[in-house]
There are 2 protein chains.
Amino acid sequence: MLCSTARLFHSKIMESMGNLRRTHSCNDLTSADIGKEITLMGWVLRRRDHGGVIFIDLRDRHGLTQIVFNPEVNPEVHNKAHMLRSEWVIAVRGKVEARLEGMANTKLDTGEIEVFIDELRILNTSETPPFPLDEESEISDNIRLQYRYMDLRRPEMAAKLYQRHKAVQSIRTYLNDNDFLEVETPMLTRSTPEGARDYLVPSRVNAGKFYALPQSPQLFKQLLMIGGMDRYYQIVKCFRDEDLRADRQPEFTQIDMELSFMDEEQIIEITEGMISKLFKDTLDIDVAPPFKRISYDDAMNRFGTDRPDTRFGFELVDLTEIAKTCSFKVFRSMADGAGTVRAINAKGCATFSRKVLDTLTEYVAQFGAKGLAWVKMKANGEWQSPIAKFFSDEERAAMTKALDAEEGDLLFFGADKTSVVLTVLGELRLEIARILELLDKKSFNFVWVTDFPLMEYDDNKKRFQALHHPFTAPREEDLGKLESDPGSVYSQAYDLVLNGTEIGGGSIRIHQRDIQAQVLKALNIGEEEANDKFGFLLRALELGAPPHGGLAFGLDRLLMIITGSDSIRDVIAFPKTQRATCPLTEAPAGVSRKQLTELHLRPDWKES
Amino acid sequence: MLCSTARLFHSKIMESMGNLRRTHSCNDLTSADIGKEITLMGWVLRRRDHGGVIFIDLRDRHGLTQIVFNPEVNPEVHNKAHMLRSEWVIAVRGKVEARLEGMANTKLDTGEIEVFIDELRILNTSETPPFPLDEESEISDNIRLQYRYMDLRRPEMAAKLYQRHKAVQSIRTYLNDNDFLEVETPMLTRSTPEGARDYLVPSRVNAGKFYALPQSPQLFKQLLMIGGMDRYYQIVKCFRDEDLRADRQPEFTQIDMELSFMDEEQIIEITEGMISKLFKDTLDIDVAPPFKRISYDDAMNRFGTDRPDTRFGFELVDLTEIAKTCSFKVFRSMADGAGTVRAINAKGCATFSRKVLDTLTEYVAQFGAKGLAWVKMKANGEWQSPIAKFFSDEERAAMTKALDAEEGDLLFFGADKTSVVLTVLGELRLEIARILELLDKKSFNFVWVTDFPLMEYDDNKKRFQALHHPFTAPREEDLGKLESDPGSVYSQAYDLVLNGTEIGGGSIRIHQRDIQAQVLKALNIGEEEANDKFGFLLRALELGAPPHGGLAFGLDRLLMIITGSDSIRDVIAFPKTQRATCPLTEAPAGVSRKQLTELHLRPDWKES
């Protein structure tokens, strides 16, 4: 903070805009404007004094303009300009001139001109910024968040928020044009059965009762369909009180959609149109729908995950049949019923050093791998590998063939419980791609994952659990198996995966009361529990619910990918830290005892 | 609920959409479509059986179409149609035919045609609706909210949500075209110093700390301006935990805007463009800016309120000077320093009965009036009034002249403390307008109220309080009086009033640290308190804050006026009751002890 003398000085030199009115942004002026008298307002980015003339790069959200204070133009203004420092806010009036021959800056839209200033008003001063804005300096995340308003002045951050703005308008335009209604659903609502922990809001008027902030507007959008709204969307804040990981925020934004009288095919088609327009509008890229589709089972078998990154190969190959009869006990025991044996062929990676292989072995250990068997392919199909000796020539040949392996390739094997092998090899192929720098941020590979199982058995809880949520519709042809073999029932759910990230997902919902009852029964959700938690939805299903379905996209993640950011924090104006705090406003904060009392609560923490 | 036999029957007759795809909405078909084979999906609104033929009004959000089941077209389908009941959901395929001569329904867009059905699929059945949807029946608010999805199927409700959708898109289009960026601000934030009670959200990770849901994004939008975003908007949920009145909701939606490098005139101009487009887009009405302006002082003097309804006259007239010397003690004592004497002329209301006058006297009592003096104007300026005798001929003549009163007029007088007189006469003129039915919902009178006092003295707290909020900029010419006479300082604030309702308001903000300090001092907000509550904003003012200002509109109230609704509940999809509950989902609800413990809280209520 400034001392009081300095502050007095600053307050004395500040002026109002007076009758000056901005005529252009700092990115507008070109050689077409030469000779015009214009007014700009913005921030002093850089100042250079050269031969008695002061050059300033004036910045606003739109760009930069070079302004010039020349004593020959106006000595008084030139004198005043000597005071200007970084991040001072000024209004200037002057005349657009061509830059001297050879002095044009081709990197700037305004690079052909400069403005000779005849009037200068100092609208505000600034203390020395906490970090410089004009260079690619490494600033700690905490300082960036604490001075977020300074961070946002940096052109790359401003550009990201602008991309977000454009993205949101693109999506809205598309949905409006397709007859969707934007409808707001409540924020102060009831716990929805989404599985994650709710943020709660104590009610003052209703003692002992709490609202929950929505994890998603799932039930409300279904109610809107039952209310005949036909097509709904909302770009809406959702909340989850979970321990934060790198790309999670306690509040996040969802593009939420629901449609009536449409099947999975139609919903996928209309969604592809939206995504396609989004990428055109933000990145000017044609992503060319229809997108690829892959069933959940295929995704798991080929990529070890239901979020396959299809920008590169190294797909998983099932060697279980071959391994069943091999002499390597580790493989045979897994192939023979207890698990599975799979492998990937890292094409051309036989040059990986022993050190890299050790690092990879360590890397996959965190996903449950007890080791990592590898083979370097030599000439004539020869295996260089610690495990080569455990196999017959025929077995090696069969595996080589199954993996389409040739000289210079590197093969990795996994033999374990199926879930472990799939996870380990799935993560391994991603890690190899990272090492090889195959994850091109500029290529956008979309794939729909479809045909999910409706439910999966939870070994701990000894019961089936919905893979998505209990309102997801089973495939019609599987309805007969809901009671007899619920684990084999597939759903009408679909996720959209982009470069290995799930960016959205949804499903056809159950619209018939009796099918909802069957599914709840299979999920072991009793009538009482169901009525208590979402009885209003069950009741609504008895009063003329139309067939409907929808989906939701995570806007933050989508923007992170579109802007090529490493963190969703970069595409959120005021994000929170991993401890869910805001270094700028210092939220959350303490409250008074009176506030607690009004909410009928007592503290259960040690007060400092 | 249906008995199990009935439910079994219902579940047996339900079908899927199969390969049927909707080709039109229920409002699309006209005589231009005659002969086409089309597919509609929707709800059975009404069924009439006539001469062996079944006529059904099929409804969707867009409108109605008459569909016909004729045994001669398809006897099997005709037979199936016998099952159909109100609110069943069906898909039908058939051929568009002209209605018979003289049978056209000019009230419907589809009134010239009907569709002869060849294929019928029952997508869902419905139990008997809790209330009929096809008539203007009086339904209790609670039942409407409990079955909100049924209520929303009623065309007038669907139309209101559609108007809201259109309004929001109109506003966004305008702001996007004017270079505003839509930026999301946090929902989990810190208490803002807005004055109302916050909704609090306990933090699990940070024991003893709470987030507050925003009462408005005021500080964040200022920080966005300081961050160089130039022009910001957001259509955003805000929250106030106040005791609810008729047109208040615990969560409400705000059109929130902020602009840099603009003065009051420019902001008013850009806002008028938005409002003007809004009324054109939603109601096809030209509201013709520039809107009228009135200063706060004038509004109070002429209308007794800073939210003047200018659809009618009956303005307040100041009779204090005349009353100062009159013989009526009640008037003279007030005119002579303790208060004021004012009156309104209810033109042509001399016919009001004694009963109406008594009712009005009772009505104004709730606003603090100790009585209500009235005068019925007779021929030749004669007064018929209980108070006539207290005045001289000259005094009566002077007052008659000041009020521009003539035969047939009715005059009302107020003599009391100024604040009481203004409120009483302001409310009285509104009540008279209601009696005379002058409040035309179809006329839209806008007026900007400007030149508010910056602060007002709170007699209870014995200190000045900000009339808007502590970040409102004083008028430049008044800066010198901040210390010496803070009560006489005017602000750069402006409210937009429509038909007597404040629909929006805002101000130029303080962007200079030292002026902010002076205002805080005048408001008796100490440095410690200021730093604790919004130190981050004060710090930001030291780092290059541009001149900025903005405003916010209450979207719900605006839509209430646009749709001619009596309550904001009608323009909110899922509103809350006056006890802040949701009869549909039964929010707020109890939570488990475990949830409370995780949030470091203990109950302070009697558990049932």
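Residue positions are counted from 1 within each chain, in the order its sequence is given. Chain letters start at A and ligand numbers start at 1, both assigned in the order the entries are written. In keeping with the predicted nature of the model, local features appear solely for residues at pLDDT of at least 70, side-chain atom pairs appear and are counted solely at 80 or more, and the whole-chain, interface and lining totals rest on all residues. With hydrogens and water stripped out, all remaining heavy atoms of the structure feed into the side-chain values.

### As for the interface of chain A and chain B
It is common to give the size of an interface as the accessible area lost on bringing the parts into contact. Put simply, the rule reads: Only heavy atoms matter for contacts: two residues are in contact if any of them lie within 4.5 Å across the pair. By definition here, a salt bridge exists when the distance from a side-chain nitrogen of Lys or Arg to a carboxyl oxygen of Asp or Glu is within 4 Å. Between N or O atoms, a polar contact is any pair within 3.5 Å; within protein, one atom must be a potential hydrogen donor and the other a potential acceptor, and residues adjacent in sequence are included only when both atoms are from side chains. Under this grouping Gly is polar, as are all residues other than the nonpolar Ala, Val, Leu, Ile, Met, Phe, Trp, Tyr, Cys and Pro and the charged Asp, Glu, Lys and Arg. DSSP-based pairing: two strands are paired if at least 2 bridges between them are found. The helix and strand labels rest on DSSP assignments: H or I over at least four residues marks a helix, E over at least two residues marks a strand, and numbering proceeds from the N terminus.
In this assembly, 130 residues from chain A lie in contact with 130 residues from chain B. Summed over the shared surface of chain A and chain B, the result is 20 salt bridges. As a salt-bridge pair, B:Glu182 and A:Arg172 come within 2.8 Å of each other at their nearest N and O atoms. Between the two partners, chain A and chain B, sit 76 residue pairs in polar contact (both at pLDDT 80 or more). Classifying every residue of the side of chain A that touches chain B by side-chain character gives 64 nonpolar, 29 polar and 37 charged. Relative to strand β23 (residues 601-603) of chain B, strand β23 (residues 601-603) of chain A runs antiparallel, the two sharing three bridges. If you follow A:Pro603 over to β23(B), its bridge partner there is B:Leu601.

### Topic: empty space enclosed by the protein
Put simply, the rule is: Residues are said to line a cavity or pocket when one of their atoms sits within 4 Å of a point; the points come from a 1 Å grid over protein atoms alone, cavities being sets where a 1.4 Å probe fits but cannot get out and pockets being open sets with protein on both sides within 12 Å along at least five of seven lines. Grid points are joined across faces, edges and corners, and a volume is the space filled by probe spheres set on the points.
Under the definition given, this model contains nine cavities of 30 Å³ or more. Quantified by volume, the largest cavity comes out at close to 370 Å³. Around the largest cavity sit 25 residues that line it, and A:Ile235, A:Val236, B:Arg172, B:Ile235 and B:Val236 are the ones nearest its centre. Every element with two or more residues in the lining of the largest cavity is listed here: α5 (155-177) and β9 (231-239) of chain A together with α5 (155-177) and β9 (231-239) of chain B. Considering only residue class, the lining of the largest cavity consists of 10 nonpolar, five polar and 10 charged. The space that makes up the second largest cavity amounts to roughly 150 Å³. In terms of lining residues, the second largest cavity is bounded by 18 residues, among which A:Lys237, A:Ile572, A:Ala573, A:Phe574 and B:Glu184 are the most central. Elements with a minimum of two residues in the lining of the second largest cavity: α5 and β10 (251-260) of chain A. The residue inventory of the lining of the second largest cavity, partitioned by class, reads eight nonpolar, three polar and seven charged.

### Here we look at the nonpolar core
Keep this limit in mind: The set of buried Ala, Val, Leu, Ile, Met, Phe, Trp, Tyr and Cys residues whose side-chain atoms join them within 4.5 Å is what this entry labels a nonpolar core. A 1.4 Å probe rolled over the protein chains alone gives each residue an accessible area, and that area as a share of the maximum for its type sets the label: buried under 20%, exposed over 50%, partly exposed in between.
Ranked by internal contacts, the top residues of the largest apolar core, which has 194 residues, are A:Phe446, A:Phe553, B:Phe446 and B:Phe553. When neighbours within four sequence positions are excluded, A:Phe553 is seen to be in contact with A:Thr253, A:Gln254, A:Ile255, A:Met257, A:Thr271, A:Met274, A:Ile275, A:Leu496, A:Ile503, A:Gly504 and A:Leu558.

### What about unusual backbone geometry?
In the segment running from A:Pro289 into A:Pro290, the intervening peptide bond is cis, with an omega of 0 degrees. In this structure, A:Pro290 sits in the loop between α7 (264-283) and β11 (292-295). Positioned with a positive phi, B:Glu586 is a non-glycine residue whose angle comes to about 60 degrees. Locating B:Glu586 in the fold gives a position in the loop between α17 (555-562) and α18 (593-598). What makes B:Glu586 exposed here is its relative accessible area of 56%. Look at B:His600: it is not a glycine, yet its phi comes out positive at around 65 degrees. Within the secondary structure, B:His600 sits in the loop between α18 and β23.

### Observations regarding the environment of B:Val571
Residue and element names in this part refer to chain B. One can find Val-571 in the loop between α17 and α18. Along the backbone, Val-571 and Ala-159 are 412 residues apart, and their C-alpha atoms lie at a distance of 9.6 Å. Setting aside chain neighbours within four positions, we find Val-571 in contact with Leu-161, Arg-164, Asp-556, Leu-559, Met-560, Thr-563 and Ser-565.

### Here we look at a nonpolar patch on the surface
Note the cut-off: What goes into a patch is any residue over 30% in relative accessible area without a salt bridge, connected to like charges within 9 Å or, for nonpolar side chains (Val, Leu, Ile, Met, Phe, Trp, Tyr), within 5 Å. Note on areas: Shrake-Rupley, 1.4 Å probe, and residue coverage restricted to the protein chains presented here.
On the surface, A:Ile435, A:Leu436 and A:Leu438 cluster together to form a nonpolar patch covering roughly 200 Å² of accessible area. By secondary structure assignment, the location of A:Ile435 is in helix α13 (residues 418-435).

### Examining the environment of B:Arg248
All names here are of chain B. In this structure, Arg-248 sits in the loop between β9 and β10 (251-260). Expressed as a C-alpha distance, the spacing of Arg-248 and Arg-569, which sit 321 residues apart in the sequence, is 8.8 Å. If near-sequence neighbours (up to four positions away) are discounted, Arg-248 is found in contact with Glu-242, Asp-243 and Ile-568.

### Observations concerning the environment of B:Ser353
Structurally, B:Ser353 is set in the loop between β13 (340-346) and α11 (354-365). Spatially, the C-alpha atoms of B:Ser353 and B:His548 are 54 Å apart, while their sequence positions differ by 195 residues.

### Side note on the sheet that holds strand β12 (residues 316-318) of chain B
Whenever strands of a sheet pair, they do so through backbone hydrogen bonds, lying parallel or antiparallel. Taken in spatial order, the five strands of this open sheet run β12-β13-β16-β14-β15 (chain B), and their pairing is antiparallel. Each edge of the open sheet carries a strand with a single partner, namely β12 and β15 (383-384) of chain B.

### Description of the relation of the copies chain A and chain B
To keep it simple, the criterion reads: Least squares is the method for superposing the copies, and the C-alpha atoms it fits come from residues with pLDDT of at least 70 in both.
If you rotate chain A by 180 degrees and push it 0.0 Å along the axis, it lands on chain B with an RMSD of 0.1 Å. One copy is carried onto the other by what is essentially a two-fold rotation axis. Comparing contact sets, 100% of the residues at the interface of chain A also lie at the interface in chain B, consistent with an isologous, same-surface contact.

### Side note on α17(B)
Across the eight residues of α17(B), seven count as buried, placing the element largely inside the fold. Taken together, the buried positions of α17(B) are B:Leu555, B:Asp556, B:Leu558, B:Leu559, B:Met560, B:Ile561 and B:Ile562.

### Brief notes about the UniProt feature "binding site: L-aspartate" (unreviewed entry) in chain A
Residue and element names in this part refer to chain A. Let me state the cut-off plainly: UniProt positions are given in the numbering used here, feature names are shortened, and annotations may be inferred rather than shown by experiment.
The feature "binding site: L-aspartate" (unreviewed entry), as annotated in UniProt, sits at Glu-194, Arg-240, His-468 and Arg-509 in this numbering. Residue placement: Arg-240 occurs in the loop between β9 and β10. According to the relative accessible area criterion, Arg-240 is partly exposed, its value standing at 28%.

### Brief notes about the packing of aromatic side chains
Residues and elements named next belong to chain A. Formally: Working definition: rings of Phe, Tyr and Trp (its six-membered ring) pair if their centres are within 6.5 Å, and the pair is stacked with planes under 30 degrees apart, edge-to-face with planes over 60 apart, and tilted otherwise. Two conditions define a charge sitting above a ring: the NZ of Lys or the CZ of Arg must be within 6 Å of the ring centre, and it must be within 35 degrees of the ring normal.
Inspection of every chain in the model, using the stated rule, returns 42 aromatic pairs over all chains. Consider the rings of Tyr-147 and Tyr-149, whose centres lie 6.1 Å apart with planes at 70 degrees: the pair is edge-to-face. Take Tyr-147 and Tyr-149: they sit in the same class, and that class is buried. An aromatic cluster is present here, built from Phe-328, Phe-331, Trp-383, Phe-390, Phe-391 and Phe-413 joined pairwise through their rings. Above the ring of Trp-374, the side-chain terminus of Lys-376 is found at 5.9 Å from the ring centroid.

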